[in-house]
Amino acid sequence: MGVQGTLEYLSDLLSSVKSKKKKKQTQTVAVKIRMDCEGCARKVKKVLSGVKGAKSVEIDMKQQKATVTGYVDAKKVLKAAQSTKKKCELWPYVPYTLVAHPYVAGAYDKKAPPNMVRSLPSTATITESAVDEHYTQMFSEENPNACSVM
């Protein structure tokens, strides 16, 4: 094999290590951003189209939503949206069918689009209040002073 063959082998080995880059997955990033007029929508679309890797940008003025599709990172899209000096956040809503308790405090939002609620971490649960506990004990069979109508 000799010295020349060894050098070629090492050269091929090093060049193959450098060329193995992770390919980014195509992502869809939705941003809730306040847009008042068509001018605002054009400005947002222009800025979000300039994000590296963005293939398409869709604006929905009614829902105050901008959707970026392509090889993009959510943090970069949000940072670009914030550069427009408009109030924005990553899209916080999910369909209410995907949430275990859609009417828990914090999930229900009056400003949410139809059939949508705010996404909450799975640790959020319904807690019984003292009033609920009082009613359950009032009609319990174990309570000797329970309602006699039942």
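Fair warning: this is a prediction, and the values are worked out from it, not measured in the lab. Here the residue index of a chain counts from 1 through its sequence in written order. Where local features are concerned, this predicted model is filtered to residues with pLDDT of at least 70; where side-chain atom pairs are given and counted, the filter is 80 or more; whole-chain, interface and lining totals use all residues. Think of the side-chain values as coming from all heavy atoms in the structure, minus any hydrogens and water.

Caption draft 1: Quick peek at the pairing of strand E3 (residues 65-70). Within E3, five of the six residues are buried, which leaves the element mostly enclosed by the surrounding structure. Any two strands are treated as partners once DSSP identifies two or more bridges connecting them. Secondary structure counts use DSSP, requiring at least four H or I residues in a row for a helix and at least two E residues in a row for a strand, with both numbered from the N terminus. As paired elements, strand E1 (residues 27-33) and E3 share six bridges and run antiparallel to each other. In the strand pairing of E3, alanine 30 is matched with threonine 67. Alignment of strand E2 (residues 54-60) against E3, held across six bridges, turns out to be antiparallel. Among the inter-strand pairings, isoleucine 59 is bridged to a residue of E3, identified as alanine 66. Burial classes follow relative accessibility: with a 1.4 Å probe on protein chains only, a residue under 20% of its type's maximum area counts as buried, one over 50% as exposed, and anything between as partly exposed.

Caption draft 2: A look at the nonpolar core. Among the buried residues, those of types Ala, Val, Leu, Ile, Met, Phe, Trp, Tyr and Cys that are joined through side-chain atoms within 4.5 Å form a nonpolar core. Membership of the largest hydrophobic core comes to 18 residues, with the highest contact counts inside it found for Val31, Ile33, Leu48 and Val77. For this analysis, residues touch if any pair of their heavy atoms sits within 4.5 Å. Excluding its chain neighbours within four sequence positions, the residues that come into contact with leucine 48 are Ala54, Val57, Ala66, Val68, Val77, Ala80 and Ala81.

Caption draft 3: Inspection of the sheet that holds strand E4 (residues 88-90) at higher detail. Read from one edge of the open sheet, four strands run E2-E3-E1-E4, paired in antiparallel fashion. The open sheet has two edge strands with one neighbour each: E2 and E4. Taking the axes of each pair of neighbouring strands and ignoring which way they run, one obtains an average angle of 25° across the sheet. Strands in contact with helix H2 (residues 38-49) are E1, E2 and E3; relative to E2, the strand with the most contacts, it is inclined by about 160°. All axes here are fitted lines through C-alpha atoms, helices being fitted over the stretch that makes contact, and every angle between N-to-C directions spans 0 to 180 degrees.

So, to be careful, I would describe these as geometric facts and stop short of saying anything about function.
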